[in-house]
Amino acid sequence: MGSPWKPLLLLSIISGLAELARSVAGRPVSYAAVLRMKPDSSSSSLLRPRLRSRQDHSSFSQDWSPFSRQRLSALSSQDDYRSEESEEFGPVFIQEPDDAIFALDSEDKKVMMSCEARGNPAPTYSWLINGTDVDVEADFRYSLIDGNLIINNASEAIDFGKYQCRAENSIGAVLSREALLQFAYLGVFSTRARGGVSVREGQGVVLMCTPPPHSPEIIYSWVFNEFPSFVAEDSRRFISQETGNLYISKVQPSDVGSYICLVKNTVTNARVLSPPTPLTLKTDGVMGEYEPKIEVHFPPTVLAAKGVTVRLECFALGNPVPTITWRKINGNIPKKARLRKSQAVLEIPNIQLEDSGSYECKAENSRGGTAFRGHLQVYTMPQWISMINDSQLDSGEQLQWECRATGKPRPTYRWLRNGEPLTPQNRVEMLNGELIIHRVQQADSGMYQCVAENKYGVIYSNAELKILASAPMFNTNTVTIIATMGKDISLECRPRASPKPRITWKKGERRVQANRRIMLLRNNTLRIVNSSRADEGSYVCRAENQFGSAEMTTTLLVKEAMKVELSPKRVEVTVGESVVLSCKATHDPSLDVNFVWLLNNQPLNAQQDGGHFEYIRTQSSTADLMIRSILLKHAGKYGCRVQTSADTVLAEAELLVRGPPGPPGVVIVEEITDTTATLSWSHGVDNHSPITTYNLQARSPFSLGWQTVKTDPEPVTGDMESAMAVELNPWVEYEFRVVATNSIGTGDPSAPSRAVRTKEAVPSVAPANVSGGNGRRHELVISWEPVSEEFQNGEGFGYIVAFRANGTRGWKEKMVTSADSTTYKYRDETFPPLTPFEVKVGVYNNKGDGPFSKVVTVFSAEGEPREAPTEVKVSAMSSSEIKVTWKPPSPGPGRPEGYEVSYWKDMEQEESGKKKRTVGNETVILLSGLDGNTAYLITVKGFNSIGQGPPSASVRATTKKNPPSQPPSNVMWIQEGNNVSLSWDPVKAMENESDVIGYKVLLRQEGRGHSQVMRTPNSAAVLVLPEGGTYIIEVRAVSEGGEGAASSQIRVLTSSGVRAKSGQLSVHSLPSNLAWTPLLLVLMVPSAPW
């Protein structure tokens, strides 16, 4: 029966998903989400920066115009958008039409040329094709959607050409760049059968493709006999992508067959096949050898645009097959060039102007050679160097615009005003990209375009000219200036007006007249030199032009000059000390003062320096700077800048900080020997405390960082700039550095010197821990700790091993040439095991022999075990186990450290058997995992670290038969309370199985791994179960071969704390087709789902 909560859970999930769907469906879509969902990139124009630069469509980067508008966020309110649009400006292209290729076989018969511009008022659009206006109203095939031109039922005959978009508003009009509309199509080959071509073997042949009408480019390939078996190009066969023809320089019998030209349109991917051209061999003989003849080559003049990939073809017929080579006349072929198709194609990627020149291909074979030469010309379309920007001019001023472009051929320039050509007139001059309009008028306002063009391209630079006309106006009509006596004062007068106004100054009712102290500058500023109290008063600036006038009044107040004192003027402190600088200002009491602290002319930020600085304002006219726990970096010139609304005064003080020395200068190794290095350096800064001593340090690959070295002289005093490092190790690479110390402390170290190696010397350190032993019989094994590379003192390092038998006089010496060696083995059949030897190990290198170690005694090897174990006995424990025992061999040299037991089936080879080793010197082992009722052969042999001894004679043992494969069946049980009586049908062993000798009953509480086992010779048993819990019972037959298969499991549930009443019985049996059956005590345990 299923769980009752599952349908409720499923219903709850479905309900939750439905609620989620309703909430999502009902949620309003945000404005940002709408923008993201629009597929057309042009629809996101609100997200673009609305800038008054007119160069949006150009790849040339230009500074933003001073009249730029601010960015408009996609989340701006509608009110913000209206505010952005409040200033009128001419059209600026956001998107201009691009070159397009329209597939004539397209299901959608519409062509769209895109155009979008911004402006205020919003622009209107019109289009030109090949310079002629498109009449959208008169021709039903044309329609405008926003600025995009839609062409219905487009045809090549009518609609092929160059398109331009015109955007126009009340400010003016601009033309977009030209976009070329082409049409892609691929016709079919003529169905007329092609005549066969018959040539002699060894002769060259050209198979013509003659492609059908097409546009634009197509790709050629050839099919041999049947599709899709394509002709593979190699040095003998070539397919020209210029002509489409197949060229075979030397025909072979394998070339005989039918050839079909396949062409593919690069835009539509359409493919068509030509009729087959049969190729046969003539029977009148074989063509003899002949010199090459170039059949396909690049044009005499190749024109290529800068940046494209150029492919030059060259292929020749000839016998033998010609070899093609390339060269550039008067130069080298560019390194980026690649040879393709067995050198028949020279490919030059990203071609540049310097790649221009004459190229030659040469075809050669053993009969001769021929060459073709052509010229590669690289052109560049115009690119802007400088462009025009929006301008605002006063009426009557002069406009001067200049645009410059590069290109090859050199571009020419023309100018457009509101989309129409601009011609020289009385006030208008145009020369080489420069436009000058004298005495501009309101009628000159509008949109201008500089057009740079050569035969390969046209580019446009757009700008708006705005002519200003307004009466004078000031940002503010009243200004108050507070100055101090004796200072120069400037009273500015900067009205906004167009044209420029006439300026007059008055003080009170009297016009200001210029004199030695009062000057009227060219920018209309009134300047008063060496001011005094008499200069106080109200000054009026009046601006006037033909459109009106305006006035601004400046009130001038002259105060006593401020004085500032910073003390102390100069102070010396030691690192870690503190100091207070006090700044006092004397000023006009009517003015407020502000204090700013500087360090080395930069504003001091107390919060950013770890609490070293604290500002203290003791009085309104006094400020202190406390510097705590001074560091070396705090030294310098401190400034106290005091500001009032009248003037600013700066007072300075110098702080000197004494501290540990700075790092010494560059360390130079002047001279190097095997154990010394002479070093020199230059003094570093002493930080206002004389240097007392220098400490020399060294670092090598063997040291733990930098270590102080002994010097000569010792110590190295502060006035020295040279010393010798001594007691270095020979033939070691060192770096050196110097550290300076003064009375304050030790400073930072110098930069390390270059790494140098000391000279070689005879080794001075002997090997340590010389010992030995082990090894095979008749071997003397000598071992030692290798000498570190640090103490090898030179190249060619090795060891001298010397040894002699105890009681003898002469030493035997052996050379060990490897510096990493740690052992030497000497073998002599004459000396018995465990013979004592005197041993010592010395060292040497290319400079000579070094010292020997102390003499130690080493014994020769004991050897591997010599005798086999005895009294090997085996007994079968079950169908899969055999117990093996033995006695060790007689004591003596070659003592075993363990034993290895080999065992294999009687009918197999020993090599196919298995091995098992004992742990230590145990003399018993249990072999497991064996096959039942199978004879095995077993041997035992000893082993130690030297090797293995001889095996014992093989002993035969047969495992017992397999245990019964059938489990106990028809298991029945009677439960009375916690007592369970079991019975089952006896298990009968098969002929190849061991006889049953009893049964094993296993009892386990559910959830626990431990089992209780009860053995019985009969097919029945009585179990007493503990109170409370679920128990699992199973029965197995037991035989000499081991335990048989288990019966099906029985689950018995006993009640907790309650015993079944006498007479309440449950009788059960296991169905033969169930693995287990839950048992419920119906009277004692409530029914519950498992």
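Placed above this text is the structure.
Think of each chain on its own: its residues are numbered from 1, step by step along the sequence as written. Only residues with pLDDT of at least 70 get local features here, since the model is predicted, and only at 80 or more are side-chain atom pairs given and counted; chain-wide, interface and lining totals rely on the full set of residues. Calculated side-chain values reflect all of the structure's heavy atoms, with hydrogen atoms and water omitted.

Engineer: Help me out: how do you make sense of the packing of aromatic side chains in this one?
Structural biologist: Two aromatic rings are characterised by how far apart their centres lie and by the angle between their planes. Pairing of aromatic rings covers Phe, Tyr and Trp, the last counted by its six-membered ring, and requires centre-to-centre distances within 6.5 Å; plane angles under 30 degrees mean stacked, over 60 mean edge-to-face, and any other angle means tilted. Counted according to the given criterion, the structure contains 22 aromatic pairs. Centre to centre, the rings of phenylalanine 227 and phenylalanine 230 are 5.6 Å apart; their planes meet at 75 degrees, and the pair counts as edge-to-face. Burial classes: relative accessible area under 20% of the type maximum marks a residue as buried, over 50% as exposed, and values in between as partly exposed (1.4 Å probe, protein chains only). Taking relative accessible area as the criterion, phenylalanine 227 reaches 49% and is therefore assigned partly exposed. Here phenylalanine 230 falls in the partly exposed class, since its relative accessible area comes to 39%. With a centroid separation of 5.5 Å and an interplanar angle of 65 degrees, the aromatic rings of tryptophan 401 and tyrosine 448 are classed as edge-to-face. Pair noted here: tryptophan 401 is in strand S30 (residues 399-402) and tyrosine 448 is in strand S36 (residues 446-454), with a separation of 47 residues, a long-range link. Judged by its relative accessible area of 5%, tryptophan 401 is buried. Comment: the charge-over-ring label is applied if NZ (Lys) or CZ (Arg) is within 6 Å of the ring centre and within 35 degrees of the ring normal. A cation over a ring is seen here: arginine 757 above tryptophan 731, with NZ or CZ 4.6 Å from the ring centre. The cationic tip of lysine 840 hangs over the ring face of phenylalanine 852; the distance from NZ or CZ to the ring centre is 4.8 Å. Each helix is a run of H or I in the DSSP string that is no shorter than four residues. Each strand is a run of E no shorter than two, and both are numbered from the N terminus.

Engineer: Looking at this structure, I do not really get the sheet that holds strand S49 (residues 570-574). What am I missing?
Structural biologist: Two modes of strand pairing occur in sheets, parallel and antiparallel, and in both the strands are linked by backbone hydrogen bonds. The rule for pairing is simple: two strands pair if DSSP sees at least two bridges between them. Read from one edge of the open sheet, 5 strands run S49-S56-S55-S51-S52, paired in mixed fashion. Lying at the two open borders of the sheet, with one neighbouring strand each, are S49 and strand S52 (602-603). Two elements, S49 and strand S56 (residues 648-658), share 5 bridges in a ladder whose sense is parallel. Along S56, the bridge assignment pairs valine 573 with valine 657.

Engineer: Just to check I follow, could you spell out the state of the cysteines for this structure?
Structural biologist: Disulfides are covalent bonds that connect the sulfur atoms of two cysteines. We call a pair of cysteine sulfur atoms a disulfide whenever their separation is within 2.5 Å. Under the criterion given, the structure shown has 6 disulfides. Paired through a disulfide, cysteine 115 and cysteine 165 show a sulfur-sulfur distance of 2.1 Å. Since a negative S-S torsion denotes a left-handed disulfide, the cysteine 115-cysteine 165 link at about -75 degrees is left-handed. Of this pair, cysteine 115 sits in the loop between strand S3 (110-113) and strand S4 (116-120) while cysteine 165 sits in strand S9 (residues 161-168), and the two are 50 residues apart along the sequence. With respect to burial, cysteine 115 and cysteine 165 carry one shared label: buried. Between the sulfur of cysteine 314 and that of cysteine 361 lies a disulfide, 1.9 Å long from S to S. Between cysteine 314 and cysteine 361, the S-S dihedral sits near 65 degrees, and the bridge is therefore right-handed. Of the two residues, cysteine 314 is situated in strand S23 (residues 310-319) and cysteine 361 in strand S27 (residues 357-365); the sequence distance between them amounts to 47 residues. Accessibility classification places cysteine 314 together with cysteine 361 in one group, the buried group.

Any link to function would need more than the numbers given here.
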